[in-house]
Structures are given as C-alpha cells and as structure tokens.
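An overview of the molecular structure
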Amino acid sequence: MAQVTRSPKVYDVCIIGSGASGGTAAKILTEGGFSVVMLEAGPPLNPEKDFKEHVWPYQLPHRGVGVGGRAADNFGEFLAPNGAWEIEGEPYTVATGSRFRWFRSRIVGGRTNHWGRIALRFAPVDFKSRSTDGMGDDWPITYEDVAPYYDKVESYIGVFGTKENVSSAPDGVFMPPPKPRCTETIIKKACDKIGVICIPSRLAVITQAHNGRAACHYCGQCGRGCISASNFSSSQVMIPFAEKTGRFTLITGAMAREIVVSKSGKAESVSYIDKASRTEKKVYAKAFVVGASACESARLLLNSKSSLFPNGLGNTSGVIGRYLTDSVGSSGGGVFPQLTKMPPHNHDGVGGMHMYMPWWKFDRKNEFLRGYHIEFGGGRTLPGVGEFHSLCEFNEGYGSSLKQRCRGAYGTYIGFAGRGEMIPNEQSYCDIDPNTVDEWGIPVLRFHWQWSENEIKMARDMQQTFREITEAAGGTYYSDVAPDGPHPYGIEDGGVIIHELGCVRMGNTPKTSALNGYCQSHDVKNVFVTDAASFVSNPDKNPTLTIMALSWRASDYLMDEAKKGNL
C-alpha cells in the first residue's frame, strides 16, 4: 500500500525567545495576519501561581532565605520566576584574566517578569556617537527613524513620566507619575542646590487603567511580579494578545540548537531540544526572528554552522560575538539623620524609583566620554532578606539593644546607582568555547572582558557625585570602594548590570556588521535579530524600551517585505 508522506507544517514566522523582543514581534506579526510559532527554553508562566507579589516571609521555607541562605544568590525567593546567575546543566566559561557574569532567563516572558521597568528613550546623539566624539560607530538609523516606534510602544504598554525638555533624555508619551516620596524630596532639593538635574522617572508601570489592565495599586512589590499586570511584562502584555489572534503557537521547554539553512541560502528551520523528552526536533518557517537575548542570540548564530556559513549563520563579516558591552555600574549610599524622625508609615508607590537623574553634564567637557544617569531609592520599603546584614557589621549587640539599633537605622539609608555608557572595545566579546558543551550537547559561550580607562574614570565621577549629593542633603556618605583592584571605584564586573548587548550589530555595510537598519541579516534575508544584540552602542539608558521599539519596527518591515515576496 502506498505511503503518504506528510510535509511538516511551515509557519510564516518562527520567533526564538519570549522576552521584550520576542513578545513584541509575536503581537505585531500575529495581529498582522501571520502564523507564528515561538520557541521558549523555559516553562510556561502562571502569574497567579508563580508570582509572589504579596507573599510574606513566614509563608516560605526558611522565611525566603533558602537552605543555607543561598536564595539571595539570585536576588531572593520573593522575586518573580525569571532566571539565575548559574543554571544547572547550562554552563558558560570566562577567559583567563576576565571577569564576567551572565544572568539568563528560562521562562515565558524572560527577564521582563521582574526587570526594573525603567523605560528610557535613547537620545538623538546616542545614535550618532562617533560623529560626536570620534569613538565607536554611528548607528545606520537615527532617532527620527525610531521615534514613531517609541511612541507606539509607550502608548501600548504605558509609561509614566513628565515632559522636561532635557536633551539627553527625550520626552515620550507619558501617563502621570506617582508623587515623590519623602526620600526623593530630600534628594531633589540637594540636586537643585548643586545643579544636578533630578526629574520624575520614566517607568513601564501604569498609573491609570489601560488596555484592560488595572492601574498600579502602589504595593511597591513590582519585582515579585504583578498579578494585575499593572507593570509591564511580555508574558502578560504582549503574548496574551498574540494568543487571542488564534495564529500563535507557543512551544515551551525548547532549547534552540541551530538555525538550519537550505541549499538556496535561506533559513528553513530551527533545530531544538525538547527538554521533556530529551529529543531533537525541528520547526519550519518562512522567516525567523531571533530574540533570545543578546549573548544567547549570538551563541545560536555562531553554532549554526554550515558549508555556506562555516563561521556561523550570517557571520561573513566576522562581527558576531564582537562589540559586547554592558552598562557601567557603580553604587554607594548614605545615612540621613532627618529620616530617623520619620514616624512609621507605609512607603507607598511603585516598586522602583519615582525620580532619577538623567545625564546632566552633556553640555560640557568631562574627563571621560559619554555619560551616565543615576538611579536612587531608600526609605521604609518592605524589609527584605538580608536587610540588616551591613548594619550588624558596624554595630555590636545582642537581643533588645541590637533590635533597637535596627529599628533606629531602618529607613534612614538612601542608595545611589550609576548607569553609564561603555564604549565597545576589542577585548570585550564572546565566542564559542571549543571544549565545553551544555547538558544538551550544545557548545557554550566563553566570555572575554575588559573595562577601559574611560569607564573607570566614569565610575570615579559617579562616586564623587554620590558623595556630593549625600552631603548636600545633610547625610553621611558610606562607600568602601577603592581606586584600584578588581573593581576600581566600585565598577561592577561585566554582565552584572544585566544590560549586555551588541553581539550581532547592525550597520550600513555587510563588511563590518551582521544586520541592516531593520535588524535583518545582510547574508540571510529571512533572518532578523531583534533583541539588544543588534545595538551598535550602549548609551546610558536601560535598553528594554529600545529593544521593543526596534522589534516593532523590524516586524513591520518583515511583514512588508514578505508581502512583496522579498523574503
């Protein structure tokens, strides 16, 4: 009897990754009429079951500390399920002499389940950095190209803020911001005194009901996940709307191994490991959107080798894995005696800062290139695991006397964190480790990292500014940073700020870039990389808003090109 050979289902688009980039692409493409399949390496997410928004310490084993206190290693058991610094069975390596840490997410929605929701637009100058100071490279696109998509993203997800006309921090489509807390009014007055710009934050937390989502109820627990979806996550705001179209298929527990290229030079499928069955499977599509996070996307492309692309898919330029950056981060804080007199009160507000300092020295010559912004917060937030660890380092005591010291110090500390621009350098990149594979047999990444003098000078300036603001506000600044050693001026290791980007950069020419200005591969026209891997530079802004804007823009372009038959 004749056998019928069934052809595999071919989707219009396969998306790899479900975070800010993948979720945005899924919404736009399915609503545009395309059939979409999404591969996610982690499990599905159920907010009502998995989020810990209003969980008390006594409701968790070991009060949320974990066995041996190890829960703190991944920011604590109270956070929304999101990721980890170390994943069992999925190692990465760091080259001798380098210091780098990689936080990875393995769940639907990825890092958007507990990110800080800081939603900042890049400024016009951020797209033209080489033209401004001669370092790095310009983007092949301008602020004017991206601005309409910033508008679309902000209008859809909801971002609070105020219009301030600060050139380093473009205004957007804003909801009303929450009122400043007492800690923020103290710092605002000090900033006004010394000439540092301090304005309401721009966060992806809705302060008014929006698109069927309830307004924030100011429980201050955004990092634990938000059952009401008042703060943005891809898992709650993007993917459900893709599912409603009936044109969306989500495959969880799918570890992408390789994008397979046909003899024609186009991508035809993704080979992935089904973690549950530990078997290799394939999914077929006409076009592919890679949004697995910057380094994971680079890893996938580098591992997608063939006779056409022996150095990795779309890597004829040799730039994939190169130009890796992270935000320059340094922190410190102070104790403010006026806060000891505050009566006990609810520290109402969103789970993040109500005010921040955008880059204010953009109009002068500094000892370093580019700039940084400052995030700050403190006061009477809900006490967390390890809240008083440092207090006990400075105060001896036992029983009631120690408790009184803890109560007296509680709420008097305000911390500052600088987030600055790193200029790409040749010593900071990732490649495939030739000797190590993960438990699925997939070769892992090896990281090479080095800060330049420019970033170290920036960290020094951060520390000086934190001290100046603290003292102007009548506080006492505490910082144990040293000018040398592995962390000069408190600069964090690469990857620790979790803003790694730039490993599959866009550009005008295939000789020096992997993608065009629409995040489309120069070499393989039906492959798009829409996460932060596409970035050319790493401005002092948190990248998520720009990831979504670029993904939305690339999705519009993909649909247009597909309809024209160009893919």
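Refer to the structure printed above.
Figured I'd write up the structure that's included with this text. (Residues numbered from 1 in each chain as written. Predicted model: local features only at pLDDT ≥ 70, side-chain atom pairs only at ≥ 80, totals over all residues. Heavy atoms only, no water.)

Thoughts on the overall build of the protein
Scanning the protein for helices and strands turns up eleven helices and 16 strands. A compact globule built from 567 residues should have a C-alpha radius of gyration of about 24 Å, and the protein, at 24 Å, falls within 12% of that. Expressed along its principal axes, the backbone C-alpha trace of the protein runs to roughly 85 × 55 × 45 Å. Within the protein, buried positions represent 58% of all 567 residues. Counted over contacts in the protein with a minimum sequence separation of 6, partners at least 24 positions apart contribute 72%. Split by element, the accessible area of the protein, about 23600 Å² in all, is 51% carbon and sulfur. Charge separation in the protein, taken as the distance between the mean sites of 60 positive and 59 negative side-chain charges, equals 3 Å. (Helix = DSSP H or I, 4+ residues; strand = E, 2+ residues; numbered from the N terminus. Rg over C-alpha atoms; globule rule 2.2 N^0.38 Å. Buried < 20%, exposed > 50% of the residue type's maximum accessible area, 1.4 Å probe, protein only. Contact = heavy atoms within 4.5 Å. Areas by Shrake-Rupley, 256 points an atom, 1.4 Å probe, with all protein chains shown as cover. Lys, Arg positive; Asp, Glu negative; His and termini not counted. Charge placed at Lys NZ, Arg CZ, Asp CG, Glu CD.)

Points about the nonpolar core
Counting residues in each nonpolar core, the largest one holds 131 residues, and the members touching the most others are Leu29, Ile187, Met357 and Val504. The element best represented in this core is helix 11 (residues 544-563), accounting for ten residues. For Leu29, the residues in contact, after removing those within four places along its chain, are Val13, Ile15, Phe34, Val36, Val289, Ser555, Leu558 and Met559. (Core = buried A, V, L, I, M, F, W, Y, C linked by side-chain atoms within 4.5 Å.)

A short note on the sheet that holds strand 9 (residues 328-335)
Hydrogen bonds between backbone groups are what pair the strands of a sheet, and the pairing can be parallel or antiparallel. Taken in spatial order, the six strands line up as 4-10-11-12-9-15 in an open sheet, and their pairing is antiparallel. Each end of this open sheet is capped by a strand with a single partner; those strands are strand 4 (199-200) and strand 15 (476-478). The sheet contact formed by strand 9 and strand 12 (residues 413-420) spans eight bridges and is antiparallel. Along strand 12, the bridge assignment pairs Gly332 with Phe416. (Pairing = 2+ DSSP bridges.)

Considering the sheet that holds strand 14 (residues 443-448)
Pairing in this open sheet of three strands is mixed, and the strands run 3-14-13 from one edge to the other. Each edge of the open sheet carries a strand with a single partner, namely strand 3 (93-94) and strand 13 (429-437).

Brief notes about the packing of helix 4 (residues 143-157) against helix 11
Relative to each other, helix 4 and helix 11 sit at 110°, their axes nearing to 8 Å. Regarding the angle of helix 4 to helix 11, the classification is roughly perpendicular. Within the contact between the two elements, helix 4 uses Asp145, Val146, Tyr149, Tyr150, Lys152, Val153, Glu154, Tyr156 and Ile157 and helix 11 uses Leu545, Thr546, Met548, Ala549, Leu550, Trp552, Arg553 and Asp556. Among the residues making up the contact of helix 4 with helix 11, the classes are represented as eleven nonpolar, one polar and five charged. (Axes fitted to C-alpha atoms, helices over the stretch in contact; angles between N-to-C directions. Parallel < 35°, antiparallel > 145°, perpendicular 65-115°, else oblique. Nonpolar A, V, L, I, M, F, W, Y, C, P; charged D, E, K, R; others polar.)

Some words on helix 6 (residues 234-244)
Among all positions in helix 6, only Ser234, Ser235, Gln236, Val237, Met238, Ile239 and Ala242 are buried. Buried-residue contacts for helix 6 involve helix 1 (20-31), strand 2 (36-39), helix 2 (47-50), helix 4, strand 5 (248-251) and helix 11. Positive phi appears at Gly246, one or two residues downstream of helix 6, with a value of about 80°.

Here's the deal with the pairing of strand 7 (residues 267-274)
Within strand 7, seven of the eight residues are buried, which leaves it mostly tucked inside the rest of the structure. In the sheet, strand 6 (residues 254-261) pairs with strand 7 via seven bridges, with the strands oriented antiparallel. Residue pairing in the sheet places Val261 in a bridge with Ala267 of strand 7. By the bridge criterion, six bridges tie strand 7 to strand 8 (residues 279-290) in an arrangement that is antiparallel. Paired with Val270 across the bridge in strand 8 is Val283.

Here we look at unusual backbone geometry
Non-glycine residue Arg278 carries a positive phi angle of around 55°. Although it is not a glycine, Cys519 adopts a positive phi angle of roughly 65°. Relative to the helices and strands, Cys519 resides in the loop between strand 15 and strand 16 (527-529). Exposure remark for Cys519: the relative accessible area of 1% places this residue in the buried category.

Comments concerning the pattern of salt bridges
The full count for this structure, using the stated rule, is 29 salt bridges. Of the charged contacts, one joins Asp363 and Arg364 as a salt bridge, the two residues approaching to 3.3 Å between their closest N and O atoms. Asp363 gets classed as exposed once you look at its relative accessible area, which sits at 57%. The exposure class of Arg364 is partly exposed, given its relative accessible area of 44%. Because the salt bridges share partners, they merge into one network encompassing Glu90, Arg106, Lys275, Glu296, Arg299 and Asp438. (Salt bridge = Lys/Arg side-chain N within 4 Å of Asp/Glu carboxyl O.)

Quick notes on the packing of aromatic side chains
Scanning the model with the defined rule gives 25 aromatic pairs in all. By the ring-pair criterion, three or more aromatic residues cluster together here, those being Tyr92, Phe100, Trp102, Phe447, Trp449 and Trp451. For Arg101, the ring lying beneath its charged end belongs to Trp85, and the centroid distance is 4.4 Å. A cation over an aromatic ring shows up here: Arg505 above the ring of Tyr323, its NZ or CZ 3.6 Å from the ring centre. (Phe/Tyr/Trp six-rings, centres within 6.5 Å; stacked < 30°, edge-to-face > 60°. Lys NZ or Arg CZ within 6 Å of the ring centre and 35° of its normal.)

Digging into the state of the cysteines
Applying the stated rule across the entire model yields zero disulfides. Cys14 takes part in no disulfide bond, and the closest cysteine sulfur, belonging to Cys519, lies 17 Å away. Look at Cys14 and you get buried, because its relative accessible area is 0%. (Disulfide = S-S within 2.5 Å.)

Points about the pairing of strand 11 (residues 372-378)
Burial analysis of strand 11 places six of its seven residues in the buried class, the great majority of the element. In this structure, strand 10 (residues 355-357) lies alongside strand 11, joined through two bridges in antiparallel fashion. Paired with Met357 across the bridge in strand 11 is Ile374.

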